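# Chains, contacts and geometry: an overview
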Amino acid sequence: MNNVITSKFCTREYHGYNIKFSPFKKNLLACAASENYGITGKGKLFVLDVQSGKAEVNVLTTRDWPEGLYDVTWSELNPNLLVTSCCDGSIQIWDYLNSHAPVAYYKIHEKEVYSVDWNPQNAFPYILSASWDNTIKVWNPFQAREIASFLEHTDQVYEACWSRCGPEIFASVAGDRLYVMDIGTKTSVAYPLNRNLCCD
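Residues numbered from 1 in each chain as written. Predicted model: local features only at pLDDT ≥ 70, side-chain atom pairs only at ≥ 80, totals over all residues. Heavy atoms only, no water.

An unreviewed UniProt entry lists the protein chain under the name Peroxin-7, with Oedothorax gibbosus given as the organism. Here the protein chain is described in UniProt, under the heading Sequence similarities (unreviewed entry), as follows: "Belongs to the WD repeat peroxin-7 family." (UniProt positions renumbered as here; feature names shortened; annotations may be inferred.)

Dropping the structure here:
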């Protein structure tokens, strides 16, 4: 079977950093992008309509931010909400249908937030963020408070992601270590690796 590119989209002067499909609508795709490869300049969130079998990709909406955006994740509770992570140490929550400005903004890290992930289990509506300040934060967006902070990493954390099977378990990578952590017991296990930038 041959692999076929069915559609494509150009972000023009913005460089795409990450993309995520909506958990509610299979044709919706969000893209976090930055000017100048994220080194300097503004950021943009794209919400795209990708129809299977059609070459054209429709831009449903975009949202501008004064700093570069590195990652994006969809809410698992509300189909209109997205979260982006930013090079200024913040995360933004967007309602892409009803507001041009973020509905919430949290400055929760000291350096770039390179990864953000919404917990897939509805009973745990937490956002996970990984930063170049060597920390990982677990954040409750509805109560606007930090649930936990993990300081195990001694290098820049490039990604953290929730387990689909254990609602309180996540994995993260930084430098030559992969950690599996449990926010319920506050325990972690480290695995040595070659240098890695992502996990899933």
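On we go.
## Observations concerning the sheet that holds strand 16 (residues 187–192)
Pairing in this open sheet of four strands is antiparallel, and the strands run 13-14-15-16 from one edge to the other. Every interior strand has two partners, whereas the edge strands, strand 13 (159–162) and strand 16, have only one. Across this sheet, the average inter-strand angle for adjacent strands is 20°, counted without regard to direction. In this sheet, strand 15 (residues 177–182) lies alongside strand 14 (residues 169–174) in antiparallel orientation, the contact comprising six bridges. (Pairing = 2+ DSSP bridges. Helix = DSSP H or I, 4+ residues; strand = E, 2+ residues; numbered from the N terminus. Axes fitted to C-alpha atoms, helices over the stretch in contact; angles between N-to-C directions.)

## Overview of the side chain of Ser22
Tracing the backbone shows Ser22 in the loop between strand 1 (14–21) and strand 2 (28–35). Separated by 3.0 Å, the side chain of Ser22 and the backbone nitrogen of Phe24 make a polar contact. Polar side-chain contacts of Ser22 include one of 3.1 Å to the backbone nitrogen of Lys25. Discounting residues that sit within four places of it in the chain, Ser22 has contacts with Leu28 and Trp74. (Polar contact = N/O pair within 3.5 Å; in protein donor to acceptor, adjacent residues only side chain to side chain. Contact = heavy atoms within 4.5 Å.)

## Quick notes on the packing of aromatic side chains
Going through the model one piece at a time under the given rule, you end up with 17 aromatic pairs. Ring plane angle 40° and centroid distance 4.8 Å describe the contact between Tyr17 and Tyr70, whose orientation is recorded as tilted. Of the two residues, Tyr17 is situated in strand 1 and Tyr70 in strand 5 (residues 69–74); the sequence distance between them amounts to 53 residues. Take Tyr70: its relative accessible area is 5%, and that puts it in the buried class. Summarising the aromatic geometry, the rings of Phe124 and Tyr126 are spaced 6.1 Å apart at their centres and angled 70° between planes, so their arrangement reads as edge-to-face. (Phe/Tyr/Trp six-rings, centres within 6.5 Å; stacked < 30°, edge-to-face > 60°. Buried < 20%, exposed > 50% of the residue type's maximum accessible area, 1.4 Å probe, protein only.)

## Digging into the UniProt feature "repeat: WD" (unreviewed entry) in the protein chain
Mapped onto the present numbering, the UniProt feature "repeat: WD" (unreviewed entry) falls on residues 106–149. With 0% helix and 52% strand, residues 106–149 has its two end C-alpha atoms placed 15 Å apart.

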